[in-house]
Amino acid sequence: MSVKHVLITGCSRGIGLGLVKSFHDKGFKVIATCRNPGQAPALQELIKELNLEPPIALDVSNDEGIQSVFTQVKEKYKSIEVLVNNAGISTSNHPDDPPGQLDRKEMDKVLSVNVSSVGMLTQSFLPIIRGSDGSPGKVIYISSLLGSIQLNTPKETNFYMSTSYRCSKAALNQLVKCFSLVQDQENMVHHLAVHPGHVQTDMGGSRGRKAPLQVEDVTPKIASLVDYLNQETNGQFVDYESKILPY
Ligand SMILES: NC(=O)c1ccc[n+]([C@@H]2O[C@H](COP(=O)([O-])OP(=O)(O)OC[C@H]3O[C@@H](n4cnc5c(N)ncnc54)[C@H](OP(=O)(O)O)[C@@H]3O)[C@@H](O)[C@H]2O)c1
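Since the structure is predicted, the reported quantities are computational estimates derived from the model, not experimental observations.

1. With respect to the sheet that holds strand β3 (residues 56-57)
Taken together, the 7 strands give an open sheet; going across it, the order is β3-β2-β1-β4-β5-β6-β7, and neighbouring strands pair in parallel fashion. Of all strands in the sheet, those with a lone pairing partner are β3 and β7 (237-239), marking the two edges. Bridging between strand β4 (residues 82-85) and strand β5 (residues 137-142) involves 4 bridges; their strand directions are parallel. The partner of Leu 83 across the bridge, within β5, is Val 139. Against the sheet, helix α4 (residues 104-125) engages β1 (5-8), β4, β5 and β6 (189-195), with an angle of about 170° to β4.

2. Quick look at the site of the ligand
Among the 27 residues in the neighbourhood of the ligand, the closest are listed as Ser 12, Arg 13, Arg 35, Tyr 165 and Thr 201. Here Ser 12 contributes a side-chain N or O atom positioned 2.6 Å from an oxygen atom of the ligand. Between an oxygen atom of the ligand and a side-chain N or O atom of Arg 13, the distance comes to 2.7 Å. The fraction of the free accessible surface of the ligand (900 Å²) that becomes covered by protein chains is 93%. Only α1 (14-25) and α6 (163-180) provide two or more residues apiece to the shell around the ligand. Taken together, the residues that form the shell around the ligand break down as 10 nonpolar, 12 polar and 5 charged.

3. Details of the packing of helix α3 (residues 63-77) against α4
A packed helix pair is summarised by two numbers, namely the angle formed by the two axes and the spacing between the axes. Relative to each other, α3 and α4 sit at 30°, their axes nearing to 10 Å. As the angle between them shows, α3 and α4 are arranged roughly parallel. You can see that α3 and α4 cross each other, and the crossing is right-handed. Within the contact between the two elements, α3 uses Asp 63, Ile 66, Gln 67, Val 69, Phe 70 and Val 73 and α4 uses Ser 117, Met 120, Leu 121, Ser 124 and Phe 125. Considering only residue class, the contact of α3 with α4 consists of 7 nonpolar, 3 polar and 1 charged.

4. Digging into the pattern of salt bridges
Taken as a whole and judged by the stated rule, the model has 5 salt bridges. Here Glu 241 and Lys 221 are joined by a salt bridge, their closest N and O atoms 2.8 Å apart. With Glu 241 in the segment after β7 and Lys 221 in helix α7 (residues 215-228), this residue pair connects regions lying 20 residues apart in the sequence. Using a relative accessible area of 46% as the deciding quantity, one classes Glu 241 as partly exposed.

5. Comments concerning the packing of aromatic side chains
Evaluation of the coordinates by the stated rule reveals 3 aromatic pairs. Between the aromatic rings of Phe 23 and Phe 28, the centroid separation amounts to 5.2 Å while the plane-to-plane angle is 85°, which identifies the pairing as edge-to-face. For the residue pair Phe 23 and Phe 28, the accessibility class agrees, reading buried in each case. Pairing Phe 237 with Tyr 247 gives two aromatic rings, centres 5.7 Å apart and planes at 20°, and the pair type is stacked. Residue Phe 237 is found in strand β7, and its partner Tyr 247 is found in the segment after β7; the two are separated by 10 residues along the sequence. The class for Tyr 247 is partly exposed, based on a relative accessible area of 30%.

6. A closer look at the packing of α4 against α6
α6 packs onto α4 with a crossing angle of 15° between their chain directions and a minimal axis gap of 8 Å. Considered as vectors, α4 and α6 are oriented roughly parallel to each other. The two elements α4 and α6 meet at a crossing, and its hand is right-handed. In contact with Met 107, Val 110, Leu 111, Asn 114, Val 115, Val 118, Gly 119, Thr 122 and Gln 123 of α4, α6 contributes Ser 164, Tyr 165, Cys 167, Ser 168, Lys 169, Ala 171, Leu 172, Leu 175 and Phe 179. Residues that form the contact of α4 with α6 fall into these classes: 11 nonpolar, 6 polar and 1 charged.

7. Re the nonpolar core
Among the nonpolar cores identified, the biggest contains 35 residues, and Ile 8, Val 20, Phe 23, Leu 43 and Val 84 are the most heavily contacted of them. When residues of this core are traced back to their parent elements, those giving at least two are β1, α1, β2 (29-34), α2 (41-50), β4, β5, β6 and α7. Ranked by residues supplied to this core, first place goes to α7 with 6 residues. Those residues within four positions of Val 20 in sequence are excluded, and the remaining contacts are Ile 8, Cys 11, Val 30, Ala 32, Leu 43, Leu 46 and Leu 52. Formed by 32 residues, the second largest nonpolar core is a distinct cluster that contains Val 60, Ile 80, Ile 128 and Ala 193.

Parameters and conventions
Residues numbered from 1 in each chain as written. Predicted model: local features only at pLDDT ≥ 70, side-chain atom pairs only at ≥ 80, totals over all residues. Heavy atoms only, no water. Pairing = 2+ DSSP bridges. Helix = DSSP H or I, 4+ residues; strand = E, 2+ residues; numbered from the N terminus. Contact = heavy atoms within 4.5 Å. Axes fitted to C-alpha atoms, helices over the stretch in contact; angles between N-to-C directions. Near = heavy atom within 4 Å. Polar contact = N/O pair within 3.5 Å; in protein donor to acceptor, adjacent residues only side chain to side chain. Areas by Shrake-Rupley, 256 points an atom, 1.4 Å probe, with all protein chains shown as cover. Nonpolar A, V, L, I, M, F, W, Y, C, P; charged D, E, K, R; others polar. Parallel < 35°, antiparallel > 145°, perpendicular 65-115°, else oblique. Left-handed = near helix turned anticlockwise from the far one by under 90°. Salt bridge = Lys/Arg side-chain N within 4 Å of Asp/Glu carboxyl O. Buried < 20%, exposed > 50% of the residue type's maximum accessible area, 1.4 Å probe, protein only. Phe/Tyr/Trp six-rings, centres within 6.5 Å; stacked < 30°, edge-to-face > 60°. Core = buried A, V, L, I, M, F, W, Y, C linked by side-chain atoms within 4.5 Å.

Structure, rendered in structure tokens:
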């Protein structure tokens, strides 16, 4: 059986770190990337424990860095089966970011990391995302329920507005939809936007909010979504248990 490679962004902590273990447990050869491997002790420990290749430095907001990692991965592995766009940020006052108190710098940064960087990274890697048996390659994007425009109602929203973050994940969902519509002989890749649940991480548990889910509750299920993603489900927005969500 051929080896399946998955490249994951933002593996230093939180959901990305959990995905390294879950994809490994699923039999994938994991290419773990993070901004600064030297300052990612939890990832280094996991890599040692699972006997994985050393992590690769990748800041998704740096185009030269993206090109350099693309070249390294192409030379070493030729192709990857799955790309997971996990790296993401929120504003420093997340989730208290209501209209009226938006900060241009903060908002631009969130949009840049959560949207433009994902677009640049994905389009760079597309030529080498291929199923090992000639089947389509797959890209999973860690989005958020907060990106759903339909679900942004007073009932669902409660008092946390997270405006900049919501805008970024709504735009990310549109990006997923755009990529999913480019299907030809050259680009046989399927794309899926995933809400990971409200998870206890630095982002999910910030400002005293207690998230109901732990990383290990959700990452095995997110890794299993590669089996759910196919021509029919291409372009969907689902939660970590494959329940379809409205854009
Ligand atoms: N936790 C939740 O409840 C929740 C809910 C919905 C969606 N999400 C999404 O899930 C994803 C992971 O979030 P998390 O909860 O695990 O948050 P987290 O614990 O804050 O981890 C974020 C990860 O993204 C990395 N990152 C940030 N900027 C980066 C950049 N420019 N280049 C490369 N890596 C970068 C961080 O690296 P450093 O360590 O270098 O900062 C870290 O590894 C995000 O896309 C987030 O929006 C989370």
